[in-house]
Structures are given as C-alpha cells and as structure tokens.
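Remarks on the overall topology
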Amino acid sequence: MLVLLLFWPGYNLVLALFVWCRPKARRAEVPARDPLQYWIIIPALNEERVVANTVRSALALDGARTPVQVVVVDDGSDDGTPRVLAEIDDHRLHVLRRTLPDARRGKGEALNHAYRYVRGIAEEAGTVHCTIIGVIDGDGRGEPGMLTEISSYFARRSVGAVQCRVRIHNRTTLLAFLQDLEFGCVVDASQSLRDLVGTVGLGGNGQFVRLSTLTGLGDAPWSACLVEDLELGLRVHLTGRRIRYAAYATITQQGLVDVKRLLRQRTRWGQGNLQCLRYVPKLVRAKSVGSVALLEFLQYLLTPWLVAPMTLLITALMGVNFYAQFSGHEFAGFTANGSDALPALGIWLVALVLPGLVWGVVHRLRNHDEPLPRCLLVGLAYPAFLVLGSFSTSRALYRHFARRTTWAKTERLAEKEVPAPVAPQPVPKIA
C-alpha cells in the first residue's frame, strides 16, 4: 500500500516537472541545397464531415522551404467523401480511390497504398533522399509553421522520423477536455522524456518519416497491427534511426464525447500494445538500443499486462479497508480503524486526486487557453478517466486471448467549415 500511495503521485510530479526541465532542442537549419519535400497522407474512410477542413489545413502548411503535396486515400467511402474531395480544386491535392475488395483492410493498408504512390513519384524524380511522408488523420489539423520545427530535426541525417504534439480541438465537453489533458500534458511530458532517452513513439496523427527510412522497411512499412503507428516506431528504432519529438509543432484532432466509443478506442489501443509484445526479443537483442532505452520500451509495452492485476489489487485493498471500518477487524494491523481511519482516508484521497490537479495546473501554465478553474475541475475528474482506461485494458486482454481483432470505425462529429490557417508573416527588419 505504501508503494502504491507514494509511487503514483511521485511519478506524476516528476513527469510534470519535466515539462519545464526538458532540454531545449537545437534549432539546426536545413541546408538550402537540399530542401525537404513534404507529402502528407490523409487516410479517409467516410470522413465527409471533417475531411474538407483537414485537407485545407494540410495544404496551408505549404511554404517556400517546406513545399507540400497532399495525398488523400479514399478507402472505399460510401458517404459524401468523394464529392467533398472533388470540390477542392488544388493541383497539390492527389486523391487515390480504393474500391472493394481491396479497400477497407485497415489504416495500415491505406497508408501503404499512398506510400507506394509517393515512392514511385520520388524515385522517378530522384528525390527519395529529401522526401518526408507525414500522416494526418481525417480529423487532424496542423498548425501553421509547424514544418519549420520538424525540418530542424530532419537536418540531422541520423533522424529517421519525427512525432508531433497532439491536442484536442473540440474540448468543450468534460470527456473531450480529459483527452486534451492526456495528450497535451501527460503524453507531451512522457514523449519529451522519451526524446531524452531515445525511445519516442510514433502516433497515428502527426507522424513524419523519411521516405528513405520507409523504403528500408519494404513495400508495406505499416502493418495490420491495431496500433500500426506504434509498431512502425518500433521498427524504425530497430533500424538504428532516431525518432525525435517536436514539442511545439502541434496537430489537433477531434476528441470522443461518448464513453462507449472512448472505451472501444482505448480497448483497441490496449490490444494493439499486446500485439507489439512480439518485438520485445528483438529489442533485447538490438545493439542500437541502450540499456536505459530498453527499460523504457519494456515499461510501455508491458504496462497493459500490469494494469488489470494492479486495478484488482487496489480494488481489493479498498474493499478490505471498507469492510474493516464496518466490522471492526484490523486484519493484523493492515487496515486503519477508529481515530486512524480519517487520516488514512485523507492520505488515499490525496494520492488519488493530487496527480490530476497537478496536470490541471500544468495544462493552464503550458497552454494558456483554458481558465484555471476549468483545468482544476478536469484534474479532479482525471482519476475516473484512468478507471475507464483500466477497464478498457481488461477488455483488451479478453479480446486478445479470444483472438478478436475486428473493429468498427468511429464516426466523426460534424464540424463547421474552418478557414484555412495562414502562417504568420515575418516582421520586416528596419535598417
């Protein structure tokens, strides 16, 4: 109990402090003689409600030193997605239409189809070495100027991929705001720490990979794994190429506002993590993976296996304590009774609530776009959000052992048309 009470809040405090203590990235310039060319892939299956905003935002990332082409993979949509895409008149937009039975075989297959299309063009033009492939989900929006920071990381030839920071843009509801707290603060701090250790993971939204790195992984860099992004990141690490985390280049996406759909999403993620356990032996043997990095890899690959039993243990401890209060039994001094009960309850509450409040304060200080009272309210609800995650992990274990891998796509929420963002113009220098 002492370990549980001390480790959880202590771990979160250290992680939160790292948001400000993390080393600053060195801003190397990309050589003018070898400018990078960006191809952004948007996988689209029934994305009628959001794809127009996503495409316009992706095209707006284009700049003089970061030229952008956008490839939308219409993976057999049967809604208005083809019509919406046809209404966008831009020579930089490429629409690849997949039809059944080849379509709807998973996000990985859609990405591989676009990758082979881009690879063919780059090989013909002789630009494989300076081509970067980015992935933005159907509901994603990149912030203007973000490619400048990403390019600064790719200036080092040892870097094979860059992962952007992810936030939620529809955080008006409590559930969506909790996801923003998770992505914009907790995951942000974790990825910053991994950047220091050399274990940054790739996410499904906002991943940017060198085309030359992908070609080294064959015709299908993305797999049928339920978390094809995490698996690709592991494969890139095994090649000896580094993945960096761009803490200020931000991609926003829709948050889920329905608990049932959130549980389904997190169950898929948990099951995908379990599928990636097959990479543990390869990571152990890899000479490019150091000891500290290996421990970090093992930590986030093995966590899903530990969450379920730890949840049962904590539930059992709380149950024993409640029973002790009503029965008067002390269980060999294991539980608190009488005058000790109230302080013990206070310690438990502090241990459970403190991390969420800390992340609420971090959200306010890091982002400055939500009032402090609302951030603290979301922080108070954070433990309940973690309980949902624990429940979804237990479901993932069941599905994994039952060999159930089929999933229904989550519907998007309708959005108003958003004007394409404009990159900030540099302030002219006065002589």
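Residues numbered from 1 in each chain as written. Predicted model: local features only at pLDDT ≥ 70, side-chain atom pairs only at ≥ 80, totals over all residues. Heavy atoms only, no water.

**Here we look at unusual backbone geometry**
Basically, it comes down to this: Only runs of H or I of at least four residues qualify as helices and only runs of E of at least two qualify as strands under DSSP, and these elements are numbered from the N terminus. Burial here depends on accessible area, computed with a 1.4 Å probe over protein chains only, as a share of the maximum for the residue type. Under 20% is buried, over 50% is exposed, and the range in between is partly exposed.
At the junction of Leu 100 and Pro 101, the peptide bond is cis and its omega measures out at 10 degrees in the coordinates. Positionally, Pro 101 belongs in the loop between β3 (93–98) and α4 (107–125). The backbone of Arg 104 shows a phi angle near 60 degrees, a positive value even though the residue is not glycine. Its place among the elements puts Arg 104 in the loop between β3 and α4. Taking the relative accessible area as the measure of exposure, Arg 104 reaches 37% and is therefore partly exposed. Positive phi, normally seen in glycine, also occurs at His 368, with a value near 60 degrees. Checked against the element boundaries, His 368 lands in the loop between α12 (341–367) and α13 (372–402).

**Here's the deal with the pairing of strand β2 (residues 68–75)**
Note the threshold: Any two strands between which DSSP finds at least two bridges are classified as paired. Here, the term right-handed applies to a crossover whose path from the first strand over the helix to the second runs clockwise when the strands point away from the viewer.
Extensive coverage of β2 is indicated by the burial of seven of its eight residues. Pairing of strand β1 (residues 37–44) with β2 involves seven bridges; the strand directions are parallel. Within the sheet, the bridge partner assigned to Ala 44 lies in β2 and is Asp 74. Relative to β3, β2 is paired through six bridges, and the arrangement is parallel. What sits directly across from Val 73, in β3, is Leu 96. Handedness of the β2-helix α3 (residues 81–86)-β3 crossover: right-handed.

**Let's talk about the nonpolar core**
Note the threshold: Residues belong to a common nonpolar core when they are buried Ala, Val, Leu, Ile, Met, Phe, Trp, Tyr or Cys residues joined through side-chain atoms within 4.5 Å.
If you look at the biggest cluster of nonpolar residues, it comprises 33 residues, and the most contacted ones within it are Tyr 38, Val 55, Met 146, Ile 150, Phe 154 and Phe 208. Of all the secondary-structure elements, those providing two or more residues to this core are β1, α2 (51–59), β2, α3, α5 (146–154), β6 (159–168) and β8 (242–253). Counting residues in hydrophobic clusters, the runner-up holds 26 residues, among them Ala 122, Leu 211, Leu 214 and Ile 243.

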